[in-house]
Amino acid sequence: MQDIEWGSLPFGYFKTEYNVRCYNRFGEWGEVEVSSSEYINIHMAATCLHYGQEAFEGMKVFRGVDGKARVFRWEENAKRMQRSAEGILMAEVPSELFYEMIEKVVKMNEKFIPPYGTGSALYLRPLLLGTGPQVGVKPAEEYMFMVFVGPVGPYFKEGFQPVRMQIVRDYDRCAPLGTGHIKVGGNYAASLKPAARAKEEGFASVIFLEAKEKKYIDEAGPANFFGIKGNKYITPDSHSILPSITNMSLRTLAEDMGLEVEKRHVLVEELGEFEEAGACGTAAIISPIREIFDRETGETFTYGDGEAGPVTTKLYNKLRAIQYGEEPDPYGWTKIIIE
Ligand SMILES: Cc1ncc(COP(=O)(O)O)c(C=O)c1O
């Protein structure tokens, strides 16, 4: 095996040795198969290729301070994938099968779990595809569920350094009653163009507004938005936001730290009232935001003095410590996969 520079990994694809797969034919899940191929062989009329019958998840396994490998809140990912499957009429992966497969693929690729202290983790990518052929617009009769893994560093190259974000109004990620609340590929296709433009213009990511009224904050690129105002942790509520497992966890931590948590519509104007702001998700836990630029109005909202704010930092450190087994996990969020 090549020497891996654990501390400077990008957030990207990394070839490992094994992945696991399972097929659902006419409503029944078959045996779990192990593969060492990076490719999948599917029918050219597979519904995932034509009609977007595709859902995925993103989760991490951390090598703890005690040497144990822990997966974070896997049941929530399993449930979210079930909701995604239900939302676009795919076969649902039962939680037991989901766990069996992540456990197997992590154990088989144990040597790719980054060592403790490197800031990196093993990223797990469960993927559910409609593989059966259809030419009419209909759900498939065959599905494939697979999980591949790879070591990753932090999502934003800045790490826990505050980033600049851009509000876009000339693109929507999803329709108000569409699929924004589930993790299906189409949402991401729709976000690629504005995200690429934001990068070209010097921003880490975009902030989408709720598509119907364009008044409220929706998603922060591939992450949820939150703001800190006084003693409050405030995060947008919208049908088109993906319920982030990180955000869910931060809300619990915030409450337990004595903050008041509000999940509600957040007007763009309110951005001017926050003392701290952040984007949260599995990839980075939190990317603190130092500036939000509204591309259409030219308005700029700024937070802090170039460093992450105290509440953001405290939340980040707490969640990170639980994930790496540095602090007790009173919530039962982590599950040890490898002792
Ligand atoms: C659109 C979107 N929002 C939010 C998130 C954050 O969710 P989580 O914290 O479960 O990773 C993700 C990443 O999964 C995402 O793709």
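Because the structure is a prediction, the values reported are computed rather than measured.

## With respect to the site of the ligand
Here comes step 1: With respect to spatial proximity, the complete set of residues near the ligand consists of Gly58, Glu219, Pro222, Ala223, Asn224, Leu242, Ser244, Ile245, Thr246, Asn247, Gly281 and Thr282.
Here comes step 2: If one sorts the elements of the shell around the ligand by residue count, helix H5 (residues 245–256) sits on top with 3 residues.
Here comes step 3: Grouping the amino acids of the shell around the ligand by side-chain chemistry returns 4 nonpolar, 7 polar and 1 charged.

## A look at the packing of H5 against helix H6 (residues 310–323)
Any two packed helices are characterised by the angle at which their axes cross and by the distance between the axes.
Here comes step 1: Between H5 and H6, the least distance of the axes is 10 Å, while the angle of their chain directions is 110 degrees. The angle between H5 and H6 places the two elements in the roughly perpendicular class. Two packed elements cross with a definite hand, and for H5 against H6 that hand is right-handed. Contacts between H5 and H6 involve Ser249, Leu250, Leu253 and Ala254 from the former and Leu315, Lys318 and Leu319 from the latter.
Here comes step 2: Classifying every residue of the contact of H5 with H6 gives 5 nonpolar, 1 polar and 1 charged.

## Considering helix H4 (residues 185–200)
Here comes step 1: For H4, spanning 16 residues, the distance from its first C-alpha to its last is 23 Å, which sits close to the expected 22 Å at 1.5 Å a residue.
Here comes step 2: Roughly 40 degrees is the biggest bend found in H4, and it falls at Leu192, with proline Pro194 one to four residues downstream.
Here comes step 3: Within the span of H4, buried status applies to Asn187, Ser191, Pro194, Ala195 and Ala198.
Here comes step 4: Structurally, H4 contributes buried residues whose contacts are with strand S9 (163–168) and strand S10 (205–208).
Here comes step 5: One or two steps after H4, the chain reaches Gly202, where phi turns positive at roughly 95 degrees.

## Describing the domain arrangement of the chain
Here comes step 1: Here the domain parsing of the chain yields domain 1 (6–152) and domain 2 (163–323).
Here comes step 2: Computed over C-alpha atoms only, the centres of domain 1 and domain 2 are separated by 26 Å.
Here comes step 3: Across the boundary between the two partners, domain 1 contributes 20 residues, which contact 12 residues of domain 2.
Here comes step 4: Of all the elements in the fold, those that place two or more residues in the side of domain 1 that touches domain 2 are strand S4 (54–56), strand S5 (59–63), strand S6 (69–72) and helix H2 (74–87).

## Observations regarding unusual backbone geometry
Here comes step 1: Of note, the phi angle at Leu89 is positive, near 55 degrees, even though the residue is not glycine.
Here comes step 2: Its place among the elements puts Leu89 in the loop between H2 and helix H3 (95–108).
Here comes step 3: Its identity as a non-glycine residue notwithstanding, Ile285 has a phi of 60 degrees, on the positive side.
Here comes step 4: With respect to the helices and strands, Ile285 occurs in strand S15 (residues 285–294).

## Some points on H5
Here comes step 1: With 12 residues, H5 should reach 16 Å at 1.5 Å per residue; the first-to-last C-alpha distance of 17 Å fits that figure.
Here comes step 2: Within the sequence span of H5, burial applies to Ile245, Thr246, Asn247, Ser249, Leu250, Arg251 and Ala254.

## Brief notes about the pairing of strand S7 (residues 121–130)
Here comes step 1: Across the 10 residues that make up S7, a large majority, 8, are buried.
Here comes step 2: Examined bridge by bridge, S4 and S7 share 3 bridges and lie antiparallel to one another. By the bridge assignment for S7, Glu54 is matched with Leu129.
Here comes step 3: Across 3 bridges, S5 lies against S7 in antiparallel orientation. Opposite Val61, over in S7, you have Leu122 as the bridge partner.
Here comes step 4: Pairing between S7 and strand S8 (residues 142–152): 10 bridges, direction antiparallel. Opposite Leu127, over in S8, you have Met146 as the bridge partner.

Reading guide: rules and limits
Throughout, residues of each chain are indexed from 1 in the direction in which the sequence is written. Per-residue local features of the predicted model are confined to residues with pLDDT of at least 70, and side-chain atom pairs are confined, for both listing and counting, to 80 or more; whole-chain, interface and lining totals are unaffected and use all residues. Defining nearness, a residue is near a molecule or strand when the C-beta atom obtained from its backbone falls within 6 Å of it. Secondary structure follows DSSP: runs of H or I at least 4 residues long count as helices, runs of E at least 2 residues long count as strands, and numbering of each begins at the N terminus. Gly is placed with the polar residues, together with every amino acid not listed as nonpolar (Ala, Val, Leu, Ile, Met, Phe, Trp, Tyr, Cys and Pro) or charged (Asp, Glu, Lys and Arg). Note on definitions: angles span 0 to 180 degrees between N-to-C directions of axes, and those axes are lines fitted to C-alpha atoms, for helices only across the stretch in contact. Note on terminology: angles under 35 degrees are roughly parallel, angles over 145 are roughly antiparallel, angles of 65 to 115 are roughly perpendicular, and the others are oblique. Note on convention: the crossing is left-handed when the near helix lies turned anticlockwise from the far helix by less than a right angle, right-handed when the turn is clockwise. By the convention adopted here, residues make contact when the C-beta atoms placed from their backbones lie within 7 Å. How far a helix is expected to stretch is found by multiplying one less than its residue total by 1.5 Å. Bend is the name given here to the angle between axes fitted to two runs of seven residues, the run ending at a residue and the run starting at it. Exposed residues have 12 or fewer other C-beta atoms within 10 Å of their own C-beta, buried residues have 20 or more, and residues in between are partly exposed; the C-beta atoms are placed from the backbone. Throughout the structure description, domain borders are defined by an automatic or database domain assignment. When DSSP finds at least two bridges between two strands, those strands are taken to pair.

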